[in-house]
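Read off the chains here:
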Amino acid sequence: MELVGRYVKQIFGSDNLMRSFHFSKKGFISVHTLITEIAEAKNRADTLIQIVNNEDDDVASLLNTSFTEITDSQDINDIHLSLESQDIPSYISVRHRYNLTYMDLQNAQNAQDAIIDLRNRKIAEMHPTSHAFLLTNYDKITKTVEYKDPNYGNYKIWVRIGQFRAMATGGRIKLRPFFTSGLLKSKLNDLVN
């Protein structure tokens, strides 16, 4: 397991992905499974970063849409209206994010719905980054933003709208919707899972 941790850290610059692997009780994981999961996570993350941070027309062409921006100085009510009218799912780029803990991942693995609820986390616990997520839902009643982080697999992560705004600290969040069918079908539809 230590060797795997060093490999993951070398590839990603962090060992956070280690938390999503399912090792046997003796600490083993198949090499094929490990390499496949790491490669898939890295490819998804790299592709998303390139897409959501690029301001060229190529991005709009690839996603078949333009983007909406949210800034860290924007009023919460304006963000609420933006999210309420946003087509979902959307690719989003952020400047700050939470790193998930071992307990976050363990609790989500044991839960039937695989949700990681970070709504009680302090904004000060966020770390600077240039990262991309997949926005999967916005609950307009509870003002809860749900997204998936490609570094952590298929877990649904929940944050409050104020936490979401803080993810833009020092910059902006770009929301780029995509469609799974029809004339506006995104060329990136295969990255949803």
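Residues numbered from 1 in each chain as written. Predicted model: local features only at pLDDT ≥ 70, side-chain atom pairs only at ≥ 80, totals over all residues. Heavy atoms only, no water.

Structural notes on the overall build of the protein chain
Okay, step 1: Helix and strand counts for the protein chain stand at six helices and seven strands.
Okay, step 2: Long-range contacts, defined as pairs at least 24 residues apart, comprise 71% of the intrachain contacts of the protein chain with a sequence gap of at least 6.
Okay, step 3: Working note: accessible area of the protein chain is about 10,500 Å², and carbon and sulfur atoms make up 49% of it. (Helix = DSSP H or I, 4+ residues; strand = E, 2+ residues; numbered from the N terminus. Contact = heavy atoms within 4.5 Å. Areas by Shrake-Rupley, 256 points an atom, 1.4 Å probe, with all protein chains shown as cover.)

Quick look at the packing of aromatic side chains
Okay, step 1: The tally for this structure, following the rule as stated, stands at one aromatic pair.
Okay, step 2: Between Phe133 and Tyr147, the ring centres sit 4.2 Å apart and the planes meet at 20°, which makes this aromatic pair stacked. Residue Phe133 is found in strand β4 (residues 127-139), and its partner Tyr147 is found in strand β5 (residues 144-148); the two are separated by 14 residues along the sequence. In this pair, the class of Phe133 matches that of Tyr147, namely buried. (Phe/Tyr/Trp six-rings, centres within 6.5 Å; stacked < 30°, edge-to-face > 60°. Buried < 20%, exposed > 50% of the residue type's maximum accessible area, 1.4 Å probe, protein only.)

Here we look at the pairing of strand β6 (residues 156-160)
Okay, step 1: Here β6 shows one buried face, formed by Ile157 and Val159, and one open face, formed by Lys156, Trp158 and Arg160.
Okay, step 2: Taken together, the three bridges between strand β3 (residues 115-117) and β6 define a ladder with parallel strand orientation. Residue pairing across strands places Ile115 opposite Lys156, the latter belonging to β6. (Pairing = 2+ DSSP bridges.)

Describing the sheet that holds strand β1 (residues 68-71)
Okay, step 1: Here we have seven strands laid out as an open sheet, ordered β1-β7-β2-β4-β5-β6-β3, and mixed in their pairing. Single-partner strands in this sheet number two, and they are β1 and β3. Recorded for the sheet is a direction-independent mean angle of 35° between the axes of neighbouring strands.
Okay, step 2: Sheet topology places strand β2 (residues 90-97) next to β4; seven bridges connect them, and they run antiparallel. When the bridges of β4 are listed, His96 appears paired with Pro128.
Okay, step 3: Against the sheet, helix α4 (residues 76-85) makes contact with β1, β4, β5 and β7 (172-177), and its axis sits at roughly 60° relative to β4, the strand it touches most. (Axes fitted to C-alpha atoms, helices over the stretch in contact; angles between N-to-C directions.)

Re the pairing of β2
Okay, step 1: In terms of burial, β2 is a largely internal element, seven of the eight residues being buried.
Okay, step 2: As defined by bridge partners, β2 adjoins β7 across four bridges and the pair is classed as antiparallel. Counterpart to Ser90 in the pairing with β7 is Pro177.

A few points about the environment of Ala114
Okay, step 1: In this structure, Ala114 sits in the loop between α5 (102-110) and β3.
Okay, step 2: Residues contacting Ala114, with those up to four places away along its chain left out, are Ala108, Tyr155 and Lys156.

Some remarks on α4
Okay, step 1: Regarding α4, the residues found buried are Ile79, His80, Ser82 and Leu83. The arc that holds every buried residue of α4, seen down its axis, measures 165°, which confines them to one face.
Okay, step 2: Taken together, the buried residues of α4 touch β1, β4, β5, α6 (161-166) and β7.
Okay, step 3: Its side-chain oxygen 2.9 Å from the backbone nitrogen of Asn77, Asp75 forms the N-cap of α4. (Arc of directions from axis to C-beta. Polar contact = N/O pair within 3.5 Å; in protein donor to acceptor, adjacent residues only side chain to side chain.)

Considering the nonpolar core
Okay, step 1: In this structure, Leu83, Phe164, Met167 and Ile173 are the most contacted members of the largest nonpolar core, which totals 28 residues.
Okay, step 2: Elements with a minimum of two residues in this core: α4, β2, α5, β4, β5, β6, α6 and β7.
Okay, step 3: Filtering out sequence-adjacent residues up to four positions away, Ile173 remains in contact with Thr68, Glu69, Ile70, Ile92, Ser93, Val94, Phe164, Met167 and Ala168. (Core = buried A, V, L, I, M, F, W, Y, C linked by side-chain atoms within 4.5 Å.)

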